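The lines below spell out each chain.
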Amino acid sequence: MTIYHFVGIKGTGMSALAQVLHDKGYQVQGSDVEKRYFTQEALERAGIPILPFRRDNIRPGMIVIAGNAFPDTHEEIQEALKKGLPVIRYHRFLGDFIQNFVSIAVTGTHGKTSTTGILAHVLGAAERTSYLIGDGTGKGVKDARYFVFEACEYRRHFLSYEPDYCIMTNIDFDHPDYYANVEDVFSAFQSLANQVKKGIIACGDDEHLQRIQAKVPVLYYGVGEDNDFQVKNIERTEEGTAFDVYVRNSFYSSFFIPAFGLHNVLNALAAITFCHYEGLDAEIIREQIKTFRGVKRRFTEKRMGTQILIDDYAHHPTEILATIDACRQKYPDKPVVAIFQPHTYTRTQTFLDEFADCLKTADAVFLCDIFGSAREHQGKLSIRDLQKKIDGARILDENDPSPLAQYEDAVLLFMGAGDIQKFEKAYENWLERVK
């Protein structure tokens, strides 16, 4: 039997794809660095071998799937090429794989992981659905009709896909190491729109998405009056959010999602729009939306004494604002302490003022050293450049997280796309020691 070997199997997309192929009955293994990542727990549960990088991992008869973070000069990729084995980049493999299903790509600068998770949860209750979520979660269902997958815009990788449908949540300027400006980002989304085969579901509240041209029907969803699917009567509570949905000005149904912030209402509305378009029963959609418990690293909570610790992937100013707003909704009487680790020097430099402005909406701010990328140069930028722009902001030392303890009965909001979890873990360990 063919063995699929994943170079960089702990990556979020790679881990999810490995699980999908494993569930489908293929033999799967992979290699990666020794550092522990949250993505490997699901791989270990499935019994998928995770090996350290070594040239002799590569054996005849394998198909090698290479993570986008690893260059062609990587020792395992070099060995595979030397042995004449097929080496396929993650996004290229996925582009071919989706042709076996009714495929729904979910993309957008923000919200794509949560929206993919909601859609997979709802659709999977009515139809056989496989899915690949960007939090490292994947499932391959036997004889699946649908395949829901997250499609990342970074380096235009999503142009490897020609999906049947595409959900577009928003367009914002991000990945400044690759994109020149928001117009450059828009051009990538427009190129993807040209490749969609059956229909596009787009957020009509986004001024950039309103300009998308396509040869297929475009359904718009959002708060604005002009949307085909409009959300009204939003009620924010400490348990979640209730809202009504109108389809072309006619009442469709009322929904409740156990999540917080307008961004999560819009994510749910995107899934509702697609499921309505595909003819799913409203009762099924309603029940599934009500039971959606979120995805990994998106507002993941735990209680430690009188404090609430939240882990979130927010790493862009828009996402930080939305996450702090969600905290205010769920915990209106608690102060919010933001602990933020910027991700990449290029993003930090580009959004330095915006990061400062959005972090100031918290009641207190701690900053962690910038998590750099191997693909960039640090230059003279440091976390102190951001600290200078936020009155009272403090630098958090992983070896002494004790200053967080002074904020009793508070929400400690750990945000970042690097390894911010190590700071939360260090604080939890400190609390255990001083009990």
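Placed above this text is the structure.
Residues numbered from 1 in each chain as written. Predicted model: local features only at pLDDT ≥ 70, side-chain atom pairs only at ≥ 80, totals over all residues. Heavy atoms only, no water.

Draft legend 1. View of the pairing of strand β1 (residues 3-7). Summarising burial for β1: five of the five residues are buried, a large majority. Burial along β1 is two-sided: the face carrying I3, H5 and V7 and the face carrying Y4 and F6 are both buried. Pairing analysis gives five bridges linking β1 to strand β4 (residues 62-66), with the strands arranged parallel. Directly across from I3, in β4, lies its bridge partner M62. Handedness of the crossover is the feature at issue here: the chain leaves β1, passes through helix α1 (residues 12-23), returns alongside strand β2 (residues 27-32), and the resulting connection is right-handed. (Buried < 20%, exposed > 50% of the residue type's maximum accessible area, 1.4 Å probe, protein only. Helix = DSSP H or I, 4+ residues; strand = E, 2+ residues; numbered from the N terminus. Pairing = 2+ DSSP bridges. Right-handed = clockwise from strand over helix to strand, strands pointing away.)

Draft legend 2. A look at the pattern of salt bridges. On inspection of all chains with the given rule, the structure shows 27 salt bridges. A salt bridge links D184 to R156, with the nearest nitrogen and oxygen atoms 2.8 Å apart. Of this pair, D184 sits in helix α6 (residues 182-193) while R156 sits in the loop between β9 (146-150) and β10 (165-168), placing them 28 residues apart in sequence. Via salt bridges that share partners, K35, E398, D419 and K422 belong to a single interconnected network. (Salt bridge = Lys/Arg side-chain N within 4 Å of Asp/Glu carboxyl O.)

Draft legend 3. A look at the nonpolar core. Residues F6, L94, L119, M168, L359 and L386 are the most contacted members of the largest nonpolar core, which totals 121 residues. The dominant element in this core, judged by the number of residues it contributes, is helix α7 (residues 262-277), at nine residues. Setting aside chain neighbours within four positions, we find L119 in contact with I104, V106, G124, V148, I167, A271, F274 and C275. A364, F366, F414 and W430 belong to the second-largest nonpolar core, a separate cluster that totals 17 residues. (Core = buried A, V, L, I, M, F, W, Y, C linked by side-chain atoms within 4.5 Å. Contact = heavy atoms within 4.5 Å.)

Draft legend 4. The packing of aromatic side chains, seen in detail. Evaluated as defined, the whole model comprises 24 aromatic pairs. Considering the side-chain rings of Y146 and F274, the 6.3 Å spacing of their centres and the 80 degrees angle between planes classify their relative orientation as edge-to-face. Within this pair, whereas Y146 is found in strand β9, its partner F274 is found in helix α7, the two being separated by 128 residues in sequence. With respect to class, Y146 is no different from F274; both count as buried. Clustering of aromatic rings is evident, with ring pairs tying together Y4, Y26, F93, F97, F101, F147, F149 and Y161. A cation over a ring is seen here: K232 above Y246, with NZ or CZ 4.4 Å from the ring centre. (Phe/Tyr/Trp six-rings, centres within 6.5 Å; stacked < 30°, edge-to-face > 60°. Lys NZ or Arg CZ within 6 Å of the ring centre and 35° of its normal.)

Draft legend 5. Seen up close, the state of the cysteines. What the rule picks out here adds up to zero disulfides. With no disulfide of its own, C166 lies 13 Å from the sulfur of C152, the closest cysteine sulfur. C166 gets classed as buried once you look at its relative accessible area, which sits at 0%. Unpaired in this structure, C275 has its nearest cysteine sulfur neighbour in C166, at a distance of 15 Å. Given the relative accessible area of 0%, C275 is considered buried. (Disulfide = S-S within 2.5 Å.)

Draft legend 6. Summary view of the sheet that holds strand β16 (residues 300-304). The six strands lie next to each other as β16-β17-β21-β18-β19-β20, forming an open sheet whose pairing is mixed. Two strands bound the open sheet, and with one partner strand each, they are β16 and β20 (394-395). Both strand β18 (residues 336-340) and strand β19 (residues 364-367) contribute to a ladder of four bridges, which runs parallel. Counterpart to F340 in the pairing with β19 is L367. Each of β16, β17 (307-312), β18 and β21 (411-415) is contacted by helix α9 (residues 317-330), which is oriented at about 160 degrees to β21, the strand it contacts most. (Axes fitted to C-alpha atoms, helices over the stretch in contact; angles between N-to-C directions.)

Draft legend 7. Spotlight on helix α8 (residues 282-290). Here α8 has its buried residues at A282, I285, Q288 and I289. An end-on view of α8 places all buried positions within 135 degrees of arc, on one side of the element. In the core, the buried residues of α8 are packed alongside α5 (112-123), β15 (250-257) and α7. A side-chain oxygen of the first residue of α8 lies 2.9 Å from the backbone nitrogen of E283; this N-cap is D281. (Arc of directions from axis to C-beta. Polar contact = N/O pair within 3.5 Å; in protein donor to acceptor, adjacent residues only side chain to side chain.)

Draft legend 8. Just the environment of E283, in detail. Structurally, the position occupied by E283 is in helix α8. Relative accessible area serves as the criterion here: at 37%, E283 is assigned to the partly exposed category. As for E283 and D177, which are separated by 106 residues in sequence, their C-alpha atoms are 45 Å apart.

Draft legend 9. Spotlight on the sheet that holds β1. On the basis of which strands lie adjacent, the open sheet formed by five strands has the order β3-β2-β1-β4-β5 and parallel pairing. Either end of the sheet is taken by a strand with one partner, and the two such strands are β3 (50-52) and β5 (87-89). Across the sheet, the mean angle from the axis of one strand to that of its neighbour is 30 degrees, orientation sign disregarded. By the bridge criterion, three bridges tie β4 to β5 in an arrangement that is parallel. The residue bridging I65 from the neighbouring strand is I88, located in β5. Strand contacts of helix α3 (residues 75-82): β1, β2, β3, β4 and β5, with the helix running at about 135 degrees to β5, the strand carrying the most contacts. Each of β1, β4 and β5 is contacted by helix α4 (residues 90-97), which is oriented at about 85 degrees to β5, the strand it contacts most.

Draft legend 10. Molecular detail of the environment of T137. Relative to the elements of secondary structure, T137 occurs in strand β8 (residues 137-139). For the pair T137 and S15, spaced 122 residues apart in the sequence, the C-alpha separation amounts to 7.1 Å.

Draft legend 11. Spotlight on the pairing of strand β6 (residues 102-107). In terms of burial, β6 is a largely internal element, six of the six residues being buried. Burial along β6 is two-sided: V102, I104 and V106 and S103, A105 and T107, pointing in opposite directions, are all buried. Note that β6 and β10 share four bridges and pair parallel. Looking across to β10, one finds that A105 is bridged to C166.

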